[in-house]
Each structure stands twice: as C-alpha cells, then as structure tokens.
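Descriptive structure summary
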Amino acid sequence: MPIPYGTYRYEIWRAGALAAVEEALIAPGYLRGERRTAEGANLHAVEATLAADGAIMRIALRYQRGMFKRDAVYEAVDETLRGSVSAVAGRNEVIVKLGRFRELDADLVICRALIIARTRARGQRRLTGRVAVIDPNTLVAASYKQTYSQVDDAGLRWRREARMGESETIELDADGRIARIRDEWGGEARLAKFAPAAPR
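Quick look at the structure, then. (Residues numbered from 1 in each chain as written. Predicted model: local features only at pLDDT ≥ 70, side-chain atom pairs only at ≥ 80, totals over all residues. Heavy atoms only, no water.)

**Observations regarding the side chain of Glu168**
Position of Glu168 relative to the elements: it lies in strand β13 (residues 167-172). In this structure the side chain of Glu168 is engaged in a polar contact, spanning 2.8 Å, whose partner is the side chain of Arg112. Non-local contacts of Glu168, meaning those with residues more than four positions away in its chain, are made with Arg112, Trp158, Arg159, Arg160, Ile181, Arg182 and Asp183. (Helix = DSSP H or I, 4+ residues; strand = E, 2+ residues; numbered from the N terminus. Polar contact = N/O pair within 3.5 Å; in protein donor to acceptor, adjacent residues only side chain to side chain. Contact = heavy atoms within 4.5 Å.)

**With respect to the pattern of salt bridges**
In this structure the tally under the stated criterion is 22 salt bridges. A salt bridge links Asp53 to Arg118; the nearest nitrogen and oxygen atoms lie 3.0 Å apart. Of the two residues, Asp53 is situated in the loop between β4 (42-50) and β5 (56-65) and Arg118 in helix α1 (residues 109-121); the sequence distance between them amounts to 65 residues. A relative accessible area of 5% means that Arg118 is categorised as buried. Two residues, Arg160 and Glu168, come together in a salt bridge whose shortest N-O distance is 3.1 Å. Like Glu168, Arg160 is buried. (Salt bridge = Lys/Arg side-chain N within 4 Å of Asp/Glu carboxyl O. Buried < 20%, exposed > 50% of the residue type's maximum accessible area, 1.4 Å probe, protein only.)

So yeah, pure geometry; function would need other evidence.
Laid out in structure tokens, this is it:
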C-alpha cells in the first residue's frame, strides 16, 4: 500500500482565502481525484490506474471551465508517457520522457503523496530526476527535473523543488498522509478530512 487507502479532502488556501477544494480516492490499483475552485468555475479531474508499487500506468484527465471542456489520456509505455489531448480545436499527440522511477504529477496533492511514498518505500531520503508533470489547464504533459528531499530524521517533513526555483514544504502525518503543503508565496493545502477505506 503506497499511502493509506481511503478518501481525502484537501482545502487549498491562497492569501488567506479558500481558493479550491480537492477530493481524492485511492484504492488498490486505482486513483481518482478532482479539484474544483471555490466559486465552482474550474474543474480539474483525474482517474488513474496504478501498478502494485503505486506508479501511475494510465491516466485520464478532464478540464472544464463553464461550457469549455478539454480531455486527455496518457499511458506509461517503456520509458515514455504517451497520450493525446482533445479539445474543440482538435486533438494533439503528446510524448514525453519519463524519469528513472517513472514518476508522474497531475497537479494534485495525492500525486505528490504517491511520489514521496514510493521514494520512502525504496529507502531513499532524496529523489532528484525527471518527473512527468501534467498542466491542469492545458492537460499537456512535460518532463521537468525536480527534487524531493527529506528534511527531518523522522521522514515526516519534505521539500519539493520544482521548475524555475519553485519550492514547497510538505508535512506528513504519522501514517504517511500529506497533512499540509506550504509554498513560498504563502499558499497552503491542508488535509481537512480523511475516511479510511472499508475493510474487505
């Protein structure tokens, strides 16, 4: 189990105001998540198939703003992420290189939780390499060098350094769930609710 199975609700705060709500479900081999802006205008939705180690193998995404919609589907094939983005103007094929550990971030908190959980499971305190990042508005994937590094002995505080000098501090709870993310501009994502999956 990469992180505790169940449903997650995160509140995204910017400048002291609630900007968005992100809800996610993670279960064996499956992930679903969506982020909706506080006023309900924008929706970013994700559905993914996971390998046994938590790696994302296939992912379908949807962006919606009012009547405008955009969809994308990607699959991890060998060392690449291959897919297509469809919108009113047509369909575009996208191919990007995956990193050594085949990490993928669809701009949801749950995706960062998976990356950290997989890094910890390998016994690593640091991950530096390519991460396939999917833009939540265009749904276009690109490959960026990123660093995730553990900053405490307990492994509950991490720092993520993304492109163009962006960084954020990630705090985990004792069970490995992301409890809070803070970025350098004062933005914050907080775990507001977690419901564990019902036992089978």
